[in-house]
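Here is how the chains run, residue by residue.
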Amino acid sequence: MSRIKNAFASGKAFIGFITGGDPSIGKTHEFIRQMIRGGVDLIEIGIPFSDPVAEGTVIQEANQRALASGATPKKLFGLVEEIRAESEIPIVFLTYLNPVYRIGYGEFFDRCAKAGVDGLIIPDLPFEEQVEVKSVSSGFGVDVISLVAPTSEGRIKKIASEAEGFVYIVSSMGVTGIRSEIKTDLKSIVSSVKSYSTVPVAVGFGINTPSQASSVAEIADGVIIGSAIVKIAAEYGGDAGEHIYEYVKSIKAAISLC
Amino acid sequence: MGKGRFGVFGGQYIPETLMNELINLEKAYEFYKTDSGFLEELRALFAEYAGRPSIMYFAEKMTKDLGGAKIYLKREDLNHTGSHKINNCLGQTLLAKRMGKTRIIAETGAGQHGVATATAAALMGLSCEIFMGKEDTERQALNVYRMELLGAKVNAVSSGTMTLKDAVNETMREWAGRVHDTHYVLGSVMGPHPFPSMVRDFQSIIGREARSQLLEQEGKLPNAVLACVGGGSNAMGMFHEFIPDADVRLIGCEAAGLGVDTGKHAATMAKGEIGVFHGMKSYFCQDENGQIAPVYSISAGLDYPGIGPEHAYLRDSGRAEYVPVTDEEAVSAFEYLARTEGIICALESAHAVYHAMRMAPEMGADEIIAICLSGRGDKDVAAIARYKGVNLHE
């Protein structure tokens, strides 16, 4: 069984996101350990990018801090190698396409495979443009994870039926960030995706509180939380570890009841 | 491979949230671009509102002074709102209205595109929001007020480098959050398909007029056609009609800032590498990790780290050439044109004027250079004064 499948094997999966290198690679390693201790089932590491067009303010600022601290894809591969030495937790990178393109698809996926990165989420790579990436990634056994949005409608069938790893359903229009209320009819999107997909379905964007997380977990296979965790890192900086652990634990508890 | 390719360049590298909207936009554009009612309404707006056709001016004094090729200026600076940007804005706003949108949004650098978008919105009764880098709102405070006078809301963007590329990022974010009633009037031949083709088509009126005006005035085609390039909309509009004329050289003039080897430039063709950004595969100024580089030019309209995908294709296929022009060279051309012909052109356009000054003396008197004078320079007067160390007591 692949590591990504493992994340969904025992109940609802909690997918936790952290921006790599904010405030430093060493601290990211510590935060990831705390997330694992708190019960996260899959770790999503953001490769910082100068112009993250799909992100709200919280993750944009984390990207800036990470870049200022000198984080690079190469250093993040090193971080994954270190985590792999101590854990078999599934790990995916969230990256914009340009850093992958610049390094070269072949070299990038080779390094993913060698370091133990299980998949990539590329927000600016829609279904129509996936071929150039998937034709390379498939040879390295690294999943390219597809996104489905509230506007996807008739596109869901082709996206879901060719999905790898898991399907990432974007809960709301716009960019990442904490939302007080999710207005999208998630239930119908999730069931539409599930009718075509052979892989699990996780929902992200806007989720913050344990009650939001549990209501999402009731309808989907996994819950993705990013900005809420990154916000803790922003608030407490190098001392965020214990706070991240407490937060992750509270979300995991809420999800586990589903 | 997705749609909208120019060789390997172009495509639709955009978040899933926007894909259906782009597909709707493409369908609407494919329909209306051959719809006689739409085309007639646009033609009337061009003629009766924007002041088209723009004149093809023989710069006789400049020609004599440089002592070589005859120089013609395609006077897009004389359009309503003072630049070529109005062509695209009228086209896209008319299209947005036909699509049932009630609100348009746009990015702007120096403010030319923002002013043109706000103008089209006012004319056609749509609400309008403009996103402008905070640094640019300070450098171009007059244009901010101009947009507000036209009824637009101007949002200062304080993320990233606070300039044009960040304004594009923020407009894309805004659009991803609100597509149902909003159209993004992208200002150049860039971004995801169908923007590069659609903006080119709306701007190609420049080259169609230029080609027939030169045939009428000179009885022959020019030897070289010059235009400045940032994203590249006036250049693409000027070049497009001449592409089949293999003997006509097409030359884009990009911003070399303080010099292409100083790290302070926006010379994408000279220094960029192929990448994927803002929805397209093209050339971008970037570092070895694929981070988009901060770029610099005295001209805010050319201060962009990428270039439209069709330009990338024209360059790599050998059909067009791209040359760098520095701040200092552009300023010298700005002053030269003002004193020689009595025309204060935009700093952007001055990049192309400078290259013509470089080329003309090497060419014969029977040869012709046509320059797209993309905008007027009123907006740049304060910047030039600052550059020259003149205190204007504004």
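Structural data are supplied above this passage.
Each value, and the rule that gives it
Residues take numbers from 1 onward in each chain, read along the sequence in its written order. Chain letters start at A and ligand numbers start at 1, both assigned in the order the entries are written. Where local features are concerned, this predicted model is filtered to residues with pLDDT of at least 70; where side-chain atom pairs are given and counted, the filter is 80 or more; whole-chain, interface and lining totals use all residues. Think of the side-chain values as coming from all heavy atoms in the structure, minus any hydrogens and water. What makes two residues a contact is simply this: any of their non-hydrogen atoms within 4.5 Å. Note on terms: buried area is the combined drop in 1.4 Å-probe accessible area of two parts once they are placed together, counting the loss on both. Any carboxyl oxygen of Asp or Glu within 4 Å of a side-chain nitrogen of Lys or Arg constitutes a salt bridge here. Should DSSP find at least two bridges between two strands, the strands are regarded as paired. The secondary structure listing takes helices from DSSP runs of H or I that are at least 4 residues long and strands from runs of E that are at least 2 residues long, numbered from the N terminus. Burial status follows relative accessibility: with a 1.4 Å probe on protein chains alone, a residue under 20% of its type maximum counts as buried, one over 50% as exposed, and anything between as partly exposed. Crossover handedness is defined here as right-handed if the route from the first strand over the helix to the second strand goes clockwise, with the strands pointing away from the viewer.

## Examining the interface of chain B and chain A
At step 1: Across the boundary between the two partners, chain B contributes 38 residues, which contact 37 residues of chain A.
At step 2: Of the roughly 3000 Å² buried where chain B meets chain A, counting both sides, 52% is carbon and sulfur surface.
At step 3: If you sort the residues of chain B by the area they bury against chain A, Glu16(B), Arg173(B) and Gln291(B) come out on top, with a joint share of 23%.
At step 4: Counting every contact that joins chain B to chain A gives five salt bridges.
At step 5: Close ionic contact of Arg155(A) with Glu16(B) constitutes a salt bridge, the shortest N to O distance being 2.9 Å.

## Describing the sheet that holds strand E3 (residues 91-94) of chain A
Residue and element names in this part refer to chain A.
At step 1: Taking strand neighbours across the sheet as the criterion, the nine strands line up as E5-E4-E3-E2-E1-E9-E8-E7-E6 in an open arrangement whose pairing is parallel. Across the chains shown, the open sheet's two edge strands, defined by having one partner strand only, are strand E5 (143-145) and strand E6 (147-148).
At step 2: In terms of strand pairing, strand E7 (residues 167-170) meets strand E8 (residues 201-204) through four bridges, oriented parallel. Bridging across to E8, Val-170 finds its partner in Gly-204.

## What to know about the pairing of E8(A)
All names here are of chain A.
At step 1: Here E8 shows no split at all, with Val-201 and Val-203 on one side and Ala-202 and Gly-204 on the other all buried.
At step 2: One crossover worth recording links E7 to the parallel E8 by way of helix H9 (residues 186-196), and it is right-handed.
At step 3: Pairing analysis gives two bridges linking E8 to strand E9 (residues 222-225), with the strands arranged parallel. For Ala-202, the partnering residue across the bridge sits in E9 and is Gly-222.
At step 4: For the crossover that starts at E8, traverses helix H10 (residues 210-219) and ends in the parallel E9, the hand is right-handed.

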